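If you want the building blocks of each chain, they are given just below.
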2 protein chains.
Amino acid sequence: MSTETGHHDVLVIGAGIIGLCSAYHIKKDNPNLSILVIDRSSAPGQGDTAKSVAAVRDTFTSEVNRLFASSTIDFYKHVQSELGFNLNLELIGYLWLVSEKQFKGFEAIEDGMRKQGIRFRTFEREELTQLIPDLVLDPASEQSKIIGMDSIFKAVQGLDCGTVSPESIAKFYENEFKKMGGEFQFGIEAKSIRVDAKNRLDLPGEPYVWQDKVFRGVETNHGYISAETLVIAAGSRTPLLLDPIGIDCFVKPKKRQVFQIRGSSLDRLMTTKGFNEQNTVPFTILPKGGVYFRPVRGERSFWVGAADDIGRPFRFEEEPIAEESYYTYNIYPILSEYLPCFANLRPVNSWAGFYDINSLDSTPVIDRISNCILATGMSGSGIMKADAVGRVAAAVFKDESEAVLFGGRRISASRVGLTNRSVGKEEFVL
Amino acid sequence: MSTETGHHDVLVIGAGIIGLCSAYHIKKDNPNLSILVIDRSSAPGQGDTAKSVAAVRDTFTSEVNRLFASSTIDFYKHVQSELGFNLNLELIGYLWLVSEKQFKGFEAIEDGMRKQGIRFRTFEREELTQLIPDLVLDPASEQSKIIGMDSIFKAVQGLDCGTVSPESIAKFYENEFKKMGGEFQFGIEAKSIRVDAKNRLDLPGEPYVWQDKVFRGVETNHGYISAETLVIAAGSRTPLLLDPIGIDCFVKPKKRQVFQIRGSSLDRLMTTKGFNEQNTVPFTILPKGGVYFRPVRGERSFWVGAADDIGRPFRFEEEPIAEESYYTYNIYPILSEYLPCFANLRPVNSWAGFYDINSLDSTPVIDRISNCILATGMSGSGIMKADAVGRVAAAVFKDESEAVLFGGRRISASRVGLTNRSVGKEEFVL
């Protein structure tokens, strides 16, 4: 055991978006508590938060996900328009280009989503041809047949969706947390959680099976930090911390790769009109392979990725690197067939991070076990649910059964807990 | 990639009790298929199956667990009494010695269990004193106060519960499977599952994200074995095989340690009358620390263990060893206070294996993903549910929505699957 370097009321492990929101809301509710946030990076939001594609959507089918996402997006709107803090939130929309079969799947959930107040618009083929002249609705090449690319039957645009700057969101919560007296320590990596007996006897080998457990603190690369309550907001690293203390959070790390593409052939796509006030193409998902692209107007580039399914490993790496071959074989063939304006363009930049995948229901896991609070399992949609997750974590911290989300909607905290989980199946996984 | 050493219709990974039952029931339903079972051990049932405490109970609160356990126990009864194959099944009962608080918990679920046909009997303190003279109902020593040992308020005996010989059960299924032409290969360790494109293009880096996946076979320490269908019945090793191919089965390995205790001071306990025809003490669970003991009359010894909770790691080891200190500090203090006849006795033998813990609902996970069938998550009760698990695996193999368990009771296979799981919370975890 290493030297104790500090004691706090609350120690938050992870200064990603989830750790920041949790720290902020707990501090806001309990201004007199000393709260320390630690992170292995040198600044907030530098891990998987910074490596996301930074898009937000409220188009989820499960009530919990919708509540989490829509209240978080509403909060970001409020921060930007009412508090005047620019988050680069632009509601350019999410655009699903769908095959006939996919549209049937969408129709089955359309009514439910509408009733839940989700706003979207449907586009016919003719409109799409007109709006996005670069789009090939009926790929017919030999390659597209081999890949099994379907014709685009319609498009569905989620309207209260768009893009943000995760760095700005992180900055907002960092500032507010600091204003209240919250503390950060960077370059501090949590190595292990110290589990102990609630009532220590100072005998060898404690804690014993028959003792109640408590989590005293965290061993780090710079000594031991103790706390009354731990908040584990370590994203894809969470199982590395929880497996050794016998807590299953139902999370597996999965690599996410993003590629930046730039070229004058993309100018027309970038300045697409008719979908939004920004006069740009929405964040767009193609009908095959989960291939998506996001316009980044400030950079005159697109960020491109694909949603991985079975066959890609759950495996954590300390310094993940995006593989150019992943772009070449998995993304490019589909992207360039539907949108030939991407033809012959190679990534000018790329990066990789990790999803903290909850395969069970693709919904956050927030719970308390003894004096340890978990906030994990974002499954790739952490940024769009972060504020709600922070509020639920704060409710769990105070042992309150309900959390009040931004805008006043309420949710029972136990619904996203481990024991009496009740979140419903999410049908709209990107 | 190594040389292909064989191709089979079905390849079952693991010749533990679950692999054996799955292989047997699939073969029984499909006698013309070639089915190979591989295992790293040198004989069936030599892994965690042999390292269990070999007890069976039907006292579960969730309908699925009850169905699985009671139909499996009924099948074992049938094998032993009607087929004349001795499984050493002895219905000596499970005896829960409970505190007042624990009994209140039991009362809350008693009616439901009775309605589901579970037979049990309750014993008052006076009866217990008479039946088990060695038992201390009200531990009062300094040590028992420190440990927080409660008085024993009552006892509940599950009647259709008892002990078996896992080796004999394994032998039974092995024989029957072989009679039908089923094959085994031992000393073969599955190293990795080969994931491939359903429609291969013979291009570099397949399978791609946009290709449908299929699992062609298994790399082993003795070459590659291919199959039309894989059955993963690898117990606590399952995540080692599934994580690399991106399938989450919600299972974590947890160490289980068993200690063998022998001594003439235990003779009276061993020959306890009044609980069963065998005139022995039932498999008994103490009110603290999940400490339990099982009489092994043939050995004139008791097998003793404890149910681990939070604080013990989820960590797989190739060759786990039981730690004497685990007995000394976690089990002995409780055991010797409630039953001083264990005082001063040290383990004469010990062993360790692994649970394949499903923390979600402590219920088996059986599902098909592409051509891969999973049967895992036994959570320490595999032997008592094995026959039912095998029947559900066989139903899943044939894409049948329902499985018919021994005795004719039916269960929808999807209830124990990953996608539309519906098993209810188990309240009676040992």
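Participant: Is there a simple way to think about the overall build of chain A in this case?
Facilitator: The helix and strand inventory of chain A stands at 10 helices and 20 strands. For chain A, the C-alpha radius of gyration of 22 Å lies close to 22 Å, the compact-globule estimate for 430 residues. Across its three principal directions, the C-alpha atoms of chain A cover 75 × 45 × 35 Å. Across chain A, contacts joining residues at least 24 apart in sequence account for 75% of those joining residues at least 6 apart. Across chain A, 49 positive and 55 negative side-chain charges occur, with their mean positions spaced 2 Å apart.

Participant: What's the story with the interface of chain B and chain A in this structure? I'm lost.
Facilitator: Interface size, as often reported, equals the accessible area lost upon joining of the parts. In this assembly, 39 residues from chain B lie in contact with 39 residues from chain A. Of the roughly 3,700 Å² buried where chain B meets chain A, counting both sides, 64% is carbon and sulfur surface. By the criterion of area lost to chain A, the three top residues of chain B are Val-209, Trp-210 and Ile-310 of chain B, representing 22% of everything that side buries. Linking chain B with chain A are two salt bridges. With a closest N to O distance of 2.7 Å, Lys-252 of chain A and Asp-243 of chain B form a salt bridge.

Participant: What exactly am I supposed to notice about the relation of the copies chain B and chain A here?
Facilitator: One copy of the chain maps onto the second through a rotation about an axis and a displacement along it. Mapping chain B onto chain A calls for a screw motion: a turn of 180° about the axis and a shift of 0.0 Å along it, with 0.0 Å RMSD after fitting. What the rotation and shift describe, once combined, is the action of a two-fold rotation axis. Identified as the residue of chain B closest to the rotation axis by C-alpha distance is Phe-250 of chain B, at 3.2 Å. A high fraction, 100%, of the interface residues of chain B reappear at the interface in chain A, so the copies pair face to face through one surface.

Participant: Just checking my understanding: could you explain the domain arrangement of chain A for this structure?
Facilitator: Residue and element names in this part refer to chain A. If you check the domain split of chain A, you get domain 1 (4–52 + 167–249 + 360–416) and domain 2 (94–159 + 253–357). Relative to domain 2, the C-alpha centre of domain 1 lies at a distance of 33 Å. At the junction of the two partners, domain 1 supplies 16 residues and domain 2 supplies 15 residues. Across the domain 1 to domain 2 interface the summed buried area is about 1,200 Å²; carbon plus sulfur atoms make up 50%. Of all residues in domain 1, Lys-51, Ser-52 and Ser-236 give up the largest surface area on contact with domain 2, accounting jointly for 41% of the area buried on that side. The interface formed by domain 1 and domain 2 holds three salt bridges in total. Glu-319 is paired through a salt bridge with Arg-40; the nearest N and O atoms lie 3.9 Å apart. The tally of links between domain 1 and domain 2 comes to seven residue pairs in polar contact (both at pLDDT 80 or more).

Participant: Got a minute to help me understand the pairing of strand β14 (residues 291–296) of chain B in this structure?
Facilitator: Here is the key point about a regular strand: its side chains alternate between the two faces of the sheet. Residue and element names in this part refer to chain B. Burial analysis of β14 places six of its six residues in the buried class, which makes it a mostly covered element. Sheet topology places strand β13 (residues 283–285) next to β14; two bridges connect them, and they run antiparallel. Bridge assignment links Thr-284 to a residue of β14, and that residue is Phe-293. Bridge analysis of β14 against strand β15 (residues 301–306) gives six bridges, and the strand direction is antiparallel.

Participant: Please explain the sheet that holds strand β12 (residues 252–261) of chain B as it appears in this structure.
Facilitator: Remark on secondary structure: sheet strands pair via backbone hydrogen bonds, oriented parallel or antiparallel. Residues and elements named next belong to chain B. Here eight strands make up an open sheet; going across it, the order is β5-β6-β4-β13-β14-β15-β12-β16 and the pairing mixed. Of all strands in the sheet, those bounded by a partner on one side alone are β5 (120–123) and β16 (349–357). Across the sheet, the mean angle from the axis of one strand to that of its neighbour is 20°, orientation sign disregarded. Here strand β4 (residues 94–98) runs beside strand β6 (residues 154–158); their pairing, made up of five bridges, is antiparallel. The partner of Trp-96 across the bridge, within β6, is Val-156. Here helix α3 (residues 100–115) sits on the sheet in contact with β4, β5 and β6, set at roughly 150° to β5.

Participant: I'm lost on the sheet that holds strand β16 (residues 349–357) of chain A in this one. Help?
Facilitator: Residues and elements named next belong to chain A. One open sheet holds the eight strands; their spatial order is β5-β6-β4-β13-β14-β15-β12-β16, and the pairing between them is mixed. Sheet topology places β5 (120–123) and β16 at the edges, where each strand pairs with a single neighbour. Sheet twist, expressed as the mean angle between neighbouring strand axes with direction ignored, is 20°. Relative to the sheet, helix α3 (residues 100–115) contacts β4 (94–98), β5 and β6 (154–158), its axis offset from that of β5 by approximately 150°.

Participant: I'm lost on the pattern of salt bridges in this one. Help?
Facilitator: In a structure, side chains of opposite charge can pair up when their charged atoms sit close to one another. Across all of its chains, the model carries 71 salt bridges over all chains by this definition. Two residues, Arg-200 of chain B and Asp-196 of chain B, come together in a salt bridge whose shortest N-O distance is 2.7 Å. On the accessibility criterion, Asp-196 of chain B (7% relative accessible area) is buried. What you see here is one network of salt bridges that share partners, running through Arg-40, Glu-189, Lys-191, Arg-237, Glu-318 and Glu-319 of chain A.

Participant: Looking at this structure, I do not really get α3 of chain B. What am I missing?
Facilitator: Side chains of residues three or four places apart in an α-helix project in the same direction, reflecting 3.6 residues per turn. Residue and element names in this part refer to chain B. A rise of 1.5 Å per residue sets the reference length of α3, with its 16 residues, at 22 Å; its end C-alpha atoms lie 23 Å apart and thus fit the reference within 8%. Largest kink in α3: about 40°, centred on Ile-109. Taken together, the buried residues of α3 touch β4, β5 and β6.

Participant: Explanation requested: the packing of helix α2 (residues 63–81) of chain B against helix α10 (residues 386–397) of chain B in the structure shown.
Facilitator: Residues and elements named next belong to chain B. Viewed as axis vectors pointing N to C, α2 and α10 meet at an angle of 105°, and their least axial separation amounts to 6 Å. Here α2 is positioned roughly perpendicular relative to α10, judged by the angle of their axes. Contacts between α2 and α10 involve Phe-68, Ser-71, Thr-72, Phe-75 and Tyr-76 from the former and Ala-386, Asp-387, Ala-388, Val-389, Arg-391 and Val-392 from the latter. Taken together, the residues that form the contact of α2 with α10 break down as seven nonpolar, two polar and two charged.

Participant: I'm lost on helix α9 (residues 324–338) of chain A in this one. Help?
Facilitator: Residue and element names in this part refer to chain A. For α9, built from 15 residues, the straight-helix expectation of 21 Å at 1.5 Å per residue is met to within 8% by its first-to-last C-alpha distance of 20 Å. Along α9, the largest kink reaches about 50° and is centred on Ile-331; proline Pro-333 follows within four residues of it. Every buried residue belonging to α9 is among Tyr-326, Tyr-327, Asn-330, Ile-331, Tyr-332, Pro-333, Ile-334, Leu-335, Ser-336, Glu-337 and Tyr-338, and all of these are buried. Residues of α9 that are buried sit in contact with α5 (142–147), β12 (252–261), β14 (291–296) and β15 (301–306).

Reading the values: rules and limits
Residues numbered from 1 in each chain as written. Chains lettered and ligands numbered in written order. Predicted model: local features only at pLDDT ≥ 70, side-chain atom pairs only at ≥ 80, totals over all residues. Heavy atoms only, no water. Helix = DSSP H or I, 4+ residues; strand = E, 2+ residues; numbered from the N terminus. Rg over C-alpha atoms; globule rule 2.2 N^0.38 Å. Contact = heavy atoms within 4.5 Å. Lys, Arg positive; Asp, Glu negative; His and termini not counted. Charge placed at Lys NZ, Arg CZ, Asp CG, Glu CD. Buried area = accessible area lost by both parts, 1.4 Å probe. Salt bridge = Lys/Arg side-chain N within 4 Å of Asp/Glu carboxyl O. Least-squares fit on C-alpha atoms with pLDDT ≥ 70 in both. Domains from an automatic or database assignment. Polar contact = N/O pair within 3.5 Å; in protein donor to acceptor, adjacent residues only side chain to side chain. Buried < 20%, exposed > 50% of the residue type's maximum accessible area, 1.4 Å probe, protein only. Pairing = 2+ DSSP bridges. Axes fitted to C-alpha atoms, helices over the stretch in contact; angles between N-to-C directions. Expected span 1.5 Å × (residues − 1). Bend = angle between axes of the 7 residues up to and from the residue. Parallel < 35°, antiparallel > 145°, perpendicular 65-115°, else oblique. Nonpolar A, V, L, I, M, F, W, Y, C, P; charged D, E, K, R; others polar.

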